[in-house]
Amino acid sequence: MRANTEQTEDGTDDVTGGAARRRHAAVRAAVEQGLLNDDVPLVALLDVTGIRQSAASLRAAFEEVTAPGTPVLHAFAVKASPLVPVLRLLRAEGIGAEVASPGELALARAAGVEPERTVLDSPAKTLAELREALALGIAVNADNPQELARLDALVAGADPRSPLGIRVNPQVGGGSIEALSTATATSKFGVALRDEGAREWVVRAYLDRPWLTRLHAHTGSQGIALSMMARGVAETYELAEEINRRAGRRQVDTLDIGGGLPVNFASEETRPTYAEYTRLLKETVPGLFDGRYGLVTEFGRSLLAKHGTVVARVEYAKSAGGRPVAVTHAGVQVATRTVYAPGSWPLRIAAYDAKGRPKEGPAVVQDVAGPACFAGDLLAQGQELPLLEQGDYAAALDTGAYYFAHHYAYNSLPRPAVLGFAPDGAGGVTFATVRPAQPIEEIVTESGAAHTDALTTLATAPPV
Ligand SMILES: *Cc1c(COP(=O)(O)O)cnc(C)c1O
């Protein structure tokens, strides 16, 4: 196996080969333009072309299967990449926002995402959050009966501006990653539909509240089979049909089918595709697309993951117990899941030389380590790639979602800059700052510098 080989046999060569080519050009340009150097040994890159392509293929996949005129809102799950310029780019691509906290809502608003293109989920919404969402006209999916009681009080017999629904858990089962399985029997999310009396409770909740017009489920994520996701959607659809039958009208007018399309971290190939998923949905739940229901989707990882790359300089190259180890500047702070759960979250590493060119040479089994002070801080263990040497660059691929945008402040390591890149139209690459690198002074400030004597003076403070 040669590292950095473009996968051209898989039928998606244009897009994936293109992605690898764009990445090679970007790493080279980042080194040449001095964005990576001795003093800046770590940077995160976002492929704007790739993000636009994924957004377009998401839209196209649903256009292919929906009846003309069906309202479809694609709401990007902000938690996958909580960066304002990313949300703005997606908005320009016709994609809204799914938010799950006051912070995420603030990010979506900062990016200019309209309230009518925003959906609020989260299992722990406070009364104040619910009040704000309703005041703004943002769609809300109630997670549980207690939250629905809060909505009752806020709606208070009036006709709410916000589209409102209930999140259900069809309990179709889990996938290969326990922590990301939202539809197990005991999942913390939504109303567990197969529990005794729960289904009838949900139906009654709708019959008693004419303003409940949506139904929500999010059963997928990394590690879940497409067929299981489709079954989750099918169960949700059947429930909507039952509610509408018993209401004698089309009370539920919109189905929010969640996100969760898995991402292939093993190669350049984008698989499964949105089109594969929508075709399977159409086969499994044909009624979903016949125009009677508006649709909301909440994809996160699948829109961004393959378009992000963490590039880290090899500070030292050493050997231990016969194994080469490249000590880089990317570790647990930018790849937390991979470091703590490497079995579930393996990352591909690409080797680049000191000039940012794809590194050639025989594949050597080696470890790629991070800068943090614990032994498990490894980006990759026993991976085969051209031998990394001091001054080279290790690139952690497919890290555009849930990686560098999810900084973990171990060892007070600073957040790296995030740069978007695109062709400059003259054969080169141009960069834009998405998020600047975190200055060390900011770490000091965030770490209580304004309260330096808080603890030394506490004992002498008067009792309260
Ligand atoms: C996390 C989440 C998503 C997005 O999941 P991905 O796996 O990133 O696509 C969508 N909806 C809800 C409610 C979520 O919690």
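Residues numbered from 1 in each chain as written. Predicted model: local features only at pLDDT ≥ 70, side-chain atom pairs only at ≥ 80, totals over all residues. Heavy atoms only, no water.

Labelled according to an unreviewed UniProt entry, the protein appears under the name Diaminopimelate decarboxylase, originating from Streptomyces tendae. UniProt annotates the protein under Sequence similarities (unreviewed entry) with the comment "Belongs to the Orn/Lys/Arg decarboxylase class-II family." Under Cofactor (unreviewed entry), UniProt gives the following word-for-word description of the protein: "pyridoxal 5'-phosphate". (UniProt positions renumbered as here; feature names shortened; annotations may be inferred.)

(A) Quick peek at the site of the ligand. As a structural note, the neighbourhood of the ligand is formed by 14 residues, with K79, G260, E298, R301 and Y402 the closest of them. Taking K79, its side chain carries an N or O atom lying 2.8 Å from an oxygen atom of the ligand. For the ligand, an oxygen atom lies 2.8 Å from a polar atom in the backbone of R301. (Near = heavy atom within 4 Å. Polar contact = N/O pair within 3.5 Å; in protein donor to acceptor, adjacent residues only side chain to side chain.)

(B) Molecular detail of the UniProt feature "domain: Orn/DAP/Arg decarboxylase 2 N-terminal" (unreviewed entry) in the protein. Residues given the UniProt feature "domain: Orn/DAP/Arg decarboxylase 2 N-terminal" (unreviewed entry) here are residues 67-304. For residues 67-304, helix accounts for 37% and strand for 16%, while the C-alpha atoms at its two ends are 27 Å apart. (Helix = DSSP H or I, 4+ residues; strand = E, 2+ residues; numbered from the N terminus.)

(C) Representation of the pattern of salt bridges. Applying the stated criterion to the full structure yields 30 salt bridges. Close ionic contact of R209 with D152 constitutes a salt bridge, the shortest N to O distance being 2.7 Å. Taken together, the residues R209 in the loop between helix 7 (198-208) and strand 8 (212-216) and D152 in helix 6 (residues 145-155) connect sequence positions 57 residues apart. Of the charged contacts, one joins E235 and R194 as a salt bridge, the two residues approaching to 3.2 Å between their closest N and O atoms. In this pair, E235 is assigned in helix 8 (residues 226-247) and R194 in the loop between strand 7 (191-192) and helix 7, connecting sequence segments 41 residues apart. The partly exposed category is assigned to E235, whose relative accessible area is 24%. Among the charged side chains, a network of salt bridges with common partners joins R23, E268, K306, R348 and D398. (Salt bridge = Lys/Arg side-chain N within 4 Å of Asp/Glu carboxyl O. Buried < 20%, exposed > 50% of the residue type's maximum accessible area, 1.4 Å probe, protein only.)

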